[in-house]
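Spelled out, the chains give:
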Amino acid sequence: MQPRKRIGERLIEAGLITQEQLQIALQEQKKTGELIGAILYGNGFITQKDLFTVLSMSYSGEYTKEKEEEMDLPRDITDIVRQSRAVLRTTIRDVDKISDISMAPVVRLVEQIIVTGMKKRATDIHIGPDVKGTRIRYRIDGLLQHAMYLPKDMLPAIVSRVKILGAMNIAESRIPQDGSTEFVWETKVFDIRISTFPLTGGENIVMRILDKSQLLLGLDNLGFLANDIETLKKSLSVPYGMIIVTGPTGSGKTTTLYSALSTINSVFKNIFTIEDPVEYQLPLIRQSQINVKAGLTFAAGLRSILRQDPDVILVGEMRDMETAELAIRSALTGHLVFTTLHTNNAASSLPRLIDMGVEPFLLASTIDTIISQRLVRMLCNNCKEAYSPSSEMRESIGVAVPENAVFFMAKGCKECNDTGYRGRTIIYEIMKMNESLRKLILVKSGSDTLAAAARKGGMEPMYETGIRKVVLGLTSLEEVISTTRTAY
Ligand SMILES: [Zn+2]
């Protein structure tokens, strides 16, 4: 499906533009990546009214008679945009005059932007200034996708409305601001974290949507394979020691940690967390949020938590030597400590901690398990296409793949926003501490040596769990390769 081409063709059919104008716009699009509607408008080829038509087409991605019903929501937005602009022309000059009544269309517009994002399973909503308009994008399954292109003069009103939602300062536009709000949609309660950032063309907004109901998932539903769930449950049953989850930002570390915590959560355990930010509220667990301005750093918080008689402590991240050392000493003195690190794979966590200044013997005697993970997109079950990998392909994979294995490739359909993927799952490696690894830590071995020893001890590298999921038809080979490229 090529919605952009179709829009161009429809505009020609409608007599709104000429073939030449479309060619010019397509040329420009190759260079700038801007939307065709915005380019046509920017060049003066179409009027504002036509632009709205283009917007309503590009919004659903496809414009056919059969899809008319689905088009209702775009149509709504076009209407709302028109009403908002009429109101704004009279009131935008004076922020104080933007009362809730006059803002009504903008209120509805922002609501629609948020609800549409939720319907599309977006984790983040990006609203910001673009060369000739206001661009709205959604992050879905880890990738940013275009959603809407609105007129440039809409941005200040949208920003104001979002700031009101987030209890932020509406009159301040020169400095970044943070805020948050709760949003109820279809009986589900979402937490929305809002961040604004001043750019040259106006303020940029990012709204992070936290779906609390997602967390009911638990360890069994994150994507760990059955035998690995058993391994993890054993790790969680140790009375003290340290469990580390590593991976880049956005690799699902927090979800894994929370799921692990909820596995052992009980009224008989005193569980504390110190986090930045607190992403989900868990029953029974004492959660705290670092506040650097007030002096509550990870290290200071951890020191105080130790005086609160904890059994289990979650330290959001070991960012510095002081926190790392305190966390490790807590594990050594009879606490079960969960934490995260920013490393590319499990084995490199150990040299990283030694580089930070932690004594090797402390690591050797406290660390129980290191999980490294990434999120890969799952193939859309509605459109994935089976194929038999050639023998050369199977060889290049570097891991034994059954000769009659069937792989699937991403294709794209209406169900998956034409991406070929829907939802995500984790690929991971679990490094369990053993005697030979302890010895290697004591002599400050490098990550390659440690990784080799871990493999000998039974660790399946992340790439290989990824290939297992390719063989299971859950994800594509391309997805696993591109996701693990940075892991080794
Ligand atoms: Zn699909």
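Residues numbered from 1 in each chain as written. Predicted model: local features only at pLDDT ≥ 70, side-chain atom pairs only at ≥ 80, totals over all residues. Heavy atoms only, no water.

Draft legend 1. Representation of the overall build of the chain. Assigned secondary structure in the chain consists of 18 helices and 15 strands. Contacts in the chain between residues at least 24 apart in sequence constitute 61% of all its contacts with a sequence separation of at least 6. With an accessible surface of roughly 23400 Å², the chain has 51% of that area assigned to carbon and sulfur atoms. (Helix = DSSP H or I, 4+ residues; strand = E, 2+ residues; numbered from the N terminus. Contact = heavy atoms within 4.5 Å. Areas by Shrake-Rupley, 256 points an atom, 1.4 Å probe, with all protein chains shown as cover.)

Draft legend 2. Just the sheet that holds strand β2 (residues 133-140), in detail. Reading across from one edge, β3-β2-β1-β6-β5-β4 is the order of the six strands in this open sheet, with antiparallel pairing throughout. In the strand order of this sheet, the two ends are held by β3 (143-151) and β4 (177-185), each with one partner. Sheet twist, expressed as the mean angle between neighbouring strand axes with direction ignored, is 20°. Here strand β1 (residues 122-129) runs beside β2; their pairing, made up of seven bridges, is antiparallel. Within β2, the position partnered with H126 by the bridge is R137. Taken strand by strand, helix α6 (residues 104-119) contacts β1, β2, β3, β4, β5 (188-199) and β6 (202-211), and its axis lies near 70° from that of β4. Against the sheet, helix α7 (residues 155-165) makes contact with β1, β2, β3, β4, β5 and β6, and its axis sits at roughly 40° relative to β6, the strand it touches most. (Pairing = 2+ DSSP bridges. Axes fitted to C-alpha atoms, helices over the stretch in contact; angles between N-to-C directions.)

Draft legend 3. Expanded view of the coordination of the zinc ion. Those protein atoms acting as donors to the zinc ion are C380 (SG), C383 (SG), C413 (SG) and C416 (SG), and they sit at 2.3 to 2.4 Å. Metal-centred angles of 106 to 112° between the four donor atoms at the zinc ion mark the site as tetrahedral. Of note, the zinc ion draws all its donor residues from one chain, in the sequence arrangement C-x2-C-x29-C-x2-C. By the burial criterion, C380 is buried, and C383 matches it. (Donors = N, O, S within 2.8 Å, 3.2 Å for Na, K, Ca; no water. Tetrahedral: all angles 85-135°; square planar, octahedral: opposite > 155°, others 65-115°. Buried < 20%, exposed > 50% of the residue type's maximum accessible area, 1.4 Å probe, protein only.)

Draft legend 4. Layout of the packing of aromatic side chains. Under the definition given, this model contains three aromatic pairs. Centre to centre, the rings of W185 and F190 are 6.4 Å apart; their planes meet at 40°, and the pair counts as tilted. You'll find W185 and F190 in the same group, each marked buried. The lysine or arginine in question, K384, covers the ring of F408, its NZ or CZ lying 4.6 Å from the ring centre. (Phe/Tyr/Trp six-rings, centres within 6.5 Å; stacked < 30°, edge-to-face > 60°. Lys NZ or Arg CZ within 6 Å of the ring centre and 35° of its normal.)

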